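Here is what each chain is made of, one letter per residue.
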Amino acid sequence: MFKLNARTFNRIKSNKASLAGFVIVSFFALTALFAPFLAPAEQGANPYMMPQTGYSSEPAPPSKTHWLGTAEQQYDIYHGVVWGARTAFKTGLGIVLISVLVGIILGGLAGYAGGKTDEALMRITDIVLSFPSIVLAVVIVAMLGPGLYKVMIALAAVSWPAYARLVRGDVLTIKQRDYVTAAKALGAGHGRILFRHILPNSIYPVIVVASLDTGAVVLTAAALSFLGLGSPVGYSDWGQLIAMSRNWILGTAGNPFAYWYTVVMPGLAIFLFVLGWNLMGDAFRDIADPKQY
Amino acid sequence: MLKFILRRTALLPLVMLGVTFLLFSLTQILSPEMRASLYIKDPRQLDSIAQIIKEHGLNDPLLIQYGRWLKRLSRGELGYSETANMPVTSAIKAYLPATLELAVATIIPVLFLGIWLGAMSAVRKDKLTDHLLRAGSITCYSMPVFVLGLVLLMIFYGKLGWFSPGRYSMDTDFIVNGDPFRHFTGLLTVDALLNRNWTVFWDAAKHLILPAATLCIGSAALMIRVMRSSMLEELGKDYVRTARAKGLSEWRVIYLHAGKNAIIPVITIASLQFVRLLGGVVIIETVFDFPGIGRWGVSAAQQLDIPGVLGFSLMTAMLFVAGNMVADILYAWADPRIRYQ
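About the thresholds
Residues numbered from 1 in each chain as written. Chains lettered and ligands numbered in written order. Predicted model: local features only at pLDDT ≥ 70, side-chain atom pairs only at ≥ 80, totals over all residues. Helix = DSSP H or I, 4+ residues; strand = E, 2+ residues; numbered from the N terminus. Buried ≥ 20, exposed ≤ 12 C-beta atoms within 10 Å, placed from the backbone. Contact = placed C-beta atoms within 7 Å. Axes fitted to C-alpha atoms, helices over the stretch in contact; angles between N-to-C directions. Parallel < 35°, antiparallel > 145°, perpendicular 65-115°, else oblique. Left-handed = near helix turned anticlockwise from the far one by under 90°. Nonpolar A, V, L, I, M, F, W, Y, C, P; charged D, E, K, R; others polar. Expected span 1.5 Å × (residues − 1). Arc of directions from axis to C-beta. Bend = angle between axes of the 7 residues up to and from the residue. pLDDT = per-residue confidence, 0-100.

### Remarks on the overall build of chain A
In terms of helices and strands, chain A carries 12 helices and 0 strands. Its helices and strands taken in sequence order, chain A reads α-α-α-α-α-α-α-α-α-α-α-α from the N to the C terminus. In terms of principal-axis extent, the alpha carbons of chain A reach across some 80 × 45 × 40 Å. For chain A, the proportion of its 293 residues judged to be buried stands at 48%. Restricting the contact set of chain A to residue pairs at least 6 apart, pairs at least 24 apart contribute 69%.

Here it is in structure tokens:
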């Protein structure tokens, strides 16, 4: 694993791909931050709901009033894409935060306590990891009922074991170090040793790696929304915008690509968002593990 | 080696037991009325739900209910799936072959492209080809499969009319479900070959191409990266230098010496990728309206068809666990150091 020091930052700065990733992610972060100015909602309306102008089911192409066109039922795609950036950050960071927190606590406990506690906790991670993550997430959302927060719970529930294992491995090596033995000899309690001496030395890499997984997590959340298990209809959510475009891939008789914007606009948003995180993540992993070239 | 395999398989029943317990506990989120549907074999029973709750003790403590459910499970009684319109066991039998066929059709080009392009990227490290391949693979890797699938459908179905969604077209439907067509394996392309029916074979293959290509693009990107780094590692080793010093042709050195060893991690990653496709099919089958277990599982989840959801997830977990085990064994076979950990 790597240390967060000036040298690491210099290496990140000199890596063009990671810089590009950083620029893309910052662009989305600014979009999310300034969403109320970029796409103001009407007075009193929930800004996350895409405004609907008219009731025609047919999508309308980009125009002066709807920069990116409208989806079926006349939902404004521009508004959806802008506020969708907020949804993406909210879901992505929310899921990563919960799963990392749970992972650190349980993984730290397993590694530190060892013995039966370790065995039991690791068998639980085995069970959760027995599913492709999207399958278990689909099952959990099916039981909880659709909704954005439920998607977040489901995805956090399937992603914590990976972090728990990572933290456990680190804790296992760190607890053998001399300064831990020294702390024990000085009479420090278990809580103090685990939280003051061991975890601070093992969690930073995990947090960095995990935060770089945000792109992948947002992709899975968008997939669940696409499958109709996420946010309610009309909510600004990229996955849902794409689900709406499914009925319009055929176009009209003379023009097969008549409704291209319904797929391409939100699709481009998800793609760039994920690409940005992946570019950053790749650079970090190269630095963390130089062996891989 | 045998000892490793035995040790690895010994854990399997325990993990599967845990999986069933986790899934059953998840169903407890639902009200007893909803869970009653697990015990319905026939849609006509829907009127007597209160009776079913009492009869099956759906308000009993979790462990007692779980024990009872497990007993039914061991007898192969998984309930009736409303989305599939048939018992869960028949639904699995009907849908699983389609998914396996799609997964096989995906992994073959993934392996081929991954090994070929990955090796090329490594050999031309830091040249233009390498940069293009690396940029291309991270682009493909970041592409959401559902967006890619819809765009491909737009082009190849909407514009060009070459491929269409589904597993076979209407005309083929008559032949496949007709009398003389015999179903040996459930894999439509294989069955068509065994029946020597070229129309069906061509039609089935045509319906596989687009979803397989969509899934392949993301997986191949990952494979290229694995092959590249593995090949780079091998190319830096002493035996490669020896081979070069002996005056062997560059082609022999790269493909017969380094390539042979570089493929080992790729094969194991490929077996993992094959298992991971089980997650990918969930989305892709929905996009392409391909009647596999993924599409069934999703529609079951959308319509709260609990027996369907449980059957689908149990089946997937079983395949996933078994597949991961095979990957582990393959890995240990390729690299003896793993066996003695």
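What follows continues from the structure just given.
### Side note on the overall build of chain B
What chain B contains, in helices and strands, is 15 helices and 2 strands. Along the longest, intermediate and shortest principal axes, the C-alpha atoms of chain B span 85 × 55 × 40 Å. Out of the 341 residues belonging to chain B, those deemed buried represent 42%. For chain B, restricting intrachain contacts to residue pairs at least 6 apart in sequence, the fraction spanning at least 24 positions comes to 73%.

### Brief notes about the packing of helix 6 (residues 133-144) of chain A against helix 15 (residues 306-334) of chain B
Two elements in contact, helix 6 of chain A and helix 15 of chain B, have axes separated by 10 Å at closest approach and are oriented at 160°. For the element pair helix 6 of chain A / helix 15 of chain B, the angle class is roughly antiparallel. Here helix 6 of chain A and helix 15 of chain B pass one another in a crossing that is left-handed. Across the interface between the two elements, A:V135, A:V139 and A:A142 of helix 6 of chain A pack against B:V309, B:S313 and B:T316 of helix 15 of chain B. Of the residues that constitute the contact of helix 6 of chain A with helix 15 of chain B, the class distribution is 4 nonpolar, 2 polar and no charged.

### Description of the environment of A:N15
Residue and element names in this part refer to chain A. Relative to the assigned elements, N15 resides in the loop between helix 1 (6-14) and helix 2 (16-33). When the 19 C-beta atoms within 10 Å are taken as the criterion, N15 is described as partly exposed. Each C-alpha atom, one on N15 and one on F284, is 9.8 Å from the other, the two residues being 269 residues apart in sequence.

### Things to note about the interface of chain B and chain A
Listed by partner, the interface residues are 42 residues for chain B and 43 residues for chain A. Within the residue set of the side of chain B that touches chain A, elements represented by two or more residues are helix 2 (12-27), helix 7 (128-142), helix 8 (145-159), helix 11 (198-235), helix 13 (250-287), helix 14 (293-302) and helix 15 of chain B. Looking at the side of chain B that touches chain A, the element that brings in the most residues is helix 8 of chain B, giving 8 residues. Within the side of chain B that touches chain A, the residues separate by chemical class into 28 nonpolar, 12 polar and 2 charged.

### Thoughts on the environment of B:I329
Residues and elements named next belong to chain B. Among the structural elements, I329 can be located in helix 15. Residue I329 is classed as partly exposed on the basis of its C-beta count, with 19 C-beta atoms lying within 10 Å. Expressed as a C-alpha distance, the spacing of I329 and L2, which sit 327 residues apart in the sequence, is 9.8 Å.

### So, the environment of A:H190
Residue and element names in this part refer to chain A. One can find H190 in helix 9 (residues 190-212). For H190, a count of 10 C-beta atoms within 10 Å puts it in the exposed group. Between the C-alpha atom of H190 and that of Y112, which follows or precedes it by 78 residues, the distance is 8.9 Å.

### Remarks on the packing of helix 6 (residues 88-123) of chain B against helix 7 of chain B
All names here are of chain B. Between helix 6 and helix 7, whose axes approach to 8 Å, the crossing angle comes to 135°. The orientation of helix 6 relative to helix 7 falls into the category oblique. Viewed along their axes, helix 6 and helix 7 form a crossing whose handedness is left-handed. Residues L117, M120 and S121 of helix 6 form the contact with helix 7, whose own contacting residues are T129, D130, L133 and R134. Tallied by class, residues from the contact of helix 6 with helix 7 come to 3 nonpolar, 2 polar and 2 charged.

### So, helix 7 of chain B
All names here are of chain B. Between its terminal C-alpha atoms helix 7 stretches 21 Å, which fits the 21 Å expected from 15 residues at 1.5 Å a residue. Taken together, the buried positions of helix 7 are L133, S137, I138, Y141 and S142. Across the axial projection of helix 7, the buried residues extend over an arc of 160°, all falling on one side. More than 90 degrees from the buried face of helix 7, the exposed residues found are L128, L132 and A135.

### Topic: helix 9 of chain A
Residue and element names in this part refer to chain A. The end-to-end C-alpha distance of helix 9, which contains 23 residues, comes to 31 Å, matching closely the 33 Å that a straight helix rising 1.5 Å per residue would cover. Maximal helix bending in helix 9 amounts to about 60°, located at L199; proline P200 follows within four positions. Here helix 9 has its buried residues at L194, I198, L199, S202, I203, V206, A210 and L212.

### Examining the confidence of the model for chain B
Residues and elements named next belong to chain B. For chain B, per-residue confidence averages 84 on the pLDDT scale, and residues scoring 70 or more make up 96% of the total. The element-level mean pLDDT for chain B is lowest in helix 9 (residues 170-176), coming to 74, with helix 14 highest at 91. At the level of chain-chain contacts, confidence expressed as ipTM amounts to 0.86, with global pTM at 0.87.

### Description of unusual backbone geometry
The general pattern is negative phi for most residues beyond glycine and trans for most peptide bonds. Residues and elements named next belong to chain B. A positive phi angle, near 55°, is found at D289, a position not held by glycine. Inspection of the secondary structure puts D289 in the loop between helix 13 and helix 14. Positive phi is not limited to glycine here, since L304 has a value of about 55°. One can find L304 in the loop between helix 14 and helix 15. Using a count of 16 C-beta atoms within 10 Å as the deciding quantity, one classes L304 as partly exposed.

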